[in-house]
Amino acid sequence: MDKKQQVGFIGLGAMGSLMATHLLSNSIEVHVYDIQSTLCNEIAEKGGIVHPHPKSVAEHSMVIICMLPNPSVVRSVILGENGVLEGVKRESVVIDMGTVGPSVEIECAERLQEKGAHLIDAPVGKGVWAAGSGELTILAGGDKEIIARVEDILNMLGEKIIYCGPLGSGQVVKLSNNLASCVNMAALSELYVLAQKNGIDIDVIQEALNGTAADSWHLHNSLPRVKEDEFSPGFKTKLAHKDLELVVGLGEELGIDLPVSSNALSWYNNAIDKGYEDLDWSALAKAALEKVESKSVK
Ligand code: NAD
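Residues numbered from 1 in each chain as written. Predicted model: local features only at pLDDT ≥ 70, side-chain atom pairs only at ≥ 80, totals over all residues. Heavy atoms only, no water.

J.: Got a minute to help me understand the UniProt feature "domain: 6-phosphogluconate dehydrogenase NADP-binding" (unreviewed entry) in the protein in this structure?
T.: The UniProt feature table records "domain: 6-phosphogluconate dehydrogenase NADP-binding" (unreviewed entry) at residues 6-165. Taken as a whole, residues 6-165 contains 42% helix and 25% strand, while its terminal C-alpha atoms sit 27 Å from one another. (UniProt positions renumbered as here; feature names shortened; annotations may be inferred. Helix = DSSP H or I, 4+ residues; strand = E, 2+ residues; numbered from the N terminus.)

Structure below.
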């Protein structure tokens, strides 16, 4: 009988837990680590093998997937004490699938290369609903030959793999995607405030915008949540906030002013200030209305 393929998985949050479970259901031997032991235990109950740190995950896997919240966590998981770099084997491939921007990918890839290992960036489109069913859109960046080596795993997790270009390109495409979606949620939040202040019902807004140039994913998925006051994530406000900060930061690195993104960020800062960081990003509209009603707009 063929030996099961061994894949490491680091970061078992809203997305990672579903993706790791999906790999297990495809007969992959999954070696996991998360700082939250309860999340590790949940995967262990489904057949995952829990490790004490990323180094140990890397020692047991030739493919290591990271699904982590932000670039500084990726840096510490890969380059830090007991990190992936300490345990990684020659010719292993790290697939970084969180939305973390291009710079950290290049930094980590260079360090891994010193040990004969590789990194590709493969952030994902769509949300939790696609993570558990292998229907993600995967935005791959890096050496084509290295991507081809892990294509079987990418195909399990995604229904579409888009090759974006050299290392970091997947992250740039993902940030472009999130620029559009995060700004759109900020625009709908302003629209919601205007409608509420004029006594216009959300249902009327939805019917009026449906099928016009103002139609959007958020119109159909986020505005109903605002109406129902139902903000369980979904995509957390703090992650959308982080993505827009990465967009603005990338602009700064390139010496480009991105005024639409910078201004939209103020609505995300407002939601974070109100303590909505762990709520779904549709809570941006609720926070915007609260800000206006408390007359604290400056
Ligand atoms: P999440 O916050 O639910 O999960 C992140 C996980 O990382 C948590 O379980 C946390 O405990 C773990 N973690 C934090 N620090 C760690 C460390 N040092 N070592 C090991 N584990 C650590 O986030 P999520 O929604 O699963 O998103 C993960 C990434 O995917 C983010 O970059 C996000 O922007 C991106 N993403 C999310 C969605 C979505 O719909 N949720 C969609 C597309 C992309």
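Don't stop here, the text continues.
J.: Quick question: what am I supposed to make of the pairing of strand β5 (residues 93-96) here?
T.: Judged by which residues are buried, β5 turns out to be covered on both faces: Val93 and Ile95 on one side and Val94 and Asp96 on the other are all buried. Bridge analysis of strand β4 (residues 63-66) against β5 gives 4 bridges, and the strand direction is parallel. Bridge assignment links Val63 to a residue of β5, and that residue is Val93. Running through helix α6 (residues 102-113), the crossover from β5 to the neighbouring parallel element strand β6 (residues 118-121) is right-handed. (Buried < 20%, exposed > 50% of the residue type's maximum accessible area, 1.4 Å probe, protein only. Pairing = 2+ DSSP bridges. Right-handed = clockwise from strand over helix to strand, strands pointing away.)

J.: Please clarify how the pattern of salt bridges should be interpreted in this entry.
T.: It is possible for side chains of opposite charge to pair when their charged atoms get near one another. Counted under the stated rule, the structure contains 13 salt bridges. For the salt bridge of Glu91 with Arg149, the shortest nitrogen-to-oxygen distance reads 2.8 Å. Of the two residues, Glu91 sits in the loop between α5 (84-87) and β5 while Arg149 sits in helix α8 (residues 144-149), which places them 58 residues apart along the sequence. Using a relative accessible area of 35% as the deciding quantity, one classes Glu91 as partly exposed. The salt bridge involving Lys197 is made with Glu293; its shortest N-O contact spans 4.0 Å. Residue Lys197 is located in helix α10 (residues 169-197), and its partner Glu293 is located in helix α16 (residues 283-293); the two are separated by 96 residues in the primary sequence. Through salt bridges with shared partners, a single ionic network connects Glu91, Glu145 and Arg149. (Salt bridge = Lys/Arg side-chain N within 4 Å of Asp/Glu carboxyl O.)

J.: Whenever I open this one, the UniProt feature "domain: 3-hydroxyisobutyrate dehydrogenase-like NAD-binding" (unreviewed entry) in the protein confuses me. Can you help?
T.: Those places that UniProt annotates as "domain: 3-hydroxyisobutyrate dehydrogenase-like NAD-binding" (unreviewed entry) correspond, in this numbering, to residues 168-287. Helix and strand shares over residues 168-287 are 71% and 0% respectively, and the end C-alpha atoms of the span are 33 Å apart.

J.: How should the environment of Trp129 be read in this particular structure?
T.: Among the structural elements, Trp129 can be located in helix α7 (residues 128-131). Note: C-alpha distance between Trp129 and Phe9 (120 residues apart in sequence) is 19 Å.

J.: Explanation requested: the domain arrangement of the protein in the structure shown.
T.: Size of an interface: often given as the accessible area lost when the parts come together. As assigned here, the protein comprises domain 1 (6-166) and domain 2 (172-297). Placing the centre of domain 1 and that of domain 2 at their C-alpha centroids yields a distance of 29 Å. The interface is formed by 13 residues belonging to domain 1 together with 10 residues belonging to domain 2. The junction of domain 1 with domain 2 conceals about 940 Å² of combined surface from both sides, 70% of it contributed by carbon and sulfur atoms. When the buried area of domain 1 at its contact with domain 2 is split by residue, Thr99, Pro102 and Leu139 rank highest and sum to 41% of it. Along the contact surface separating domain 1 from domain 2 lie 0 salt bridges. Along the contact surface separating domain 1 from domain 2 lie 4 residue pairs in polar contact (both at pLDDT 80 or more). Sorting the residues of the side of domain 1 that touches domain 2 by element identifies α6 and β7 (124-125) as the ones contributing at least two each. (Domains from an automatic or database assignment. Contact = heavy atoms within 4.5 Å. Buried area = accessible area lost by both parts, 1.4 Å probe. Polar contact = N/O pair within 3.5 Å; in protein donor to acceptor, adjacent residues only side chain to side chain.)

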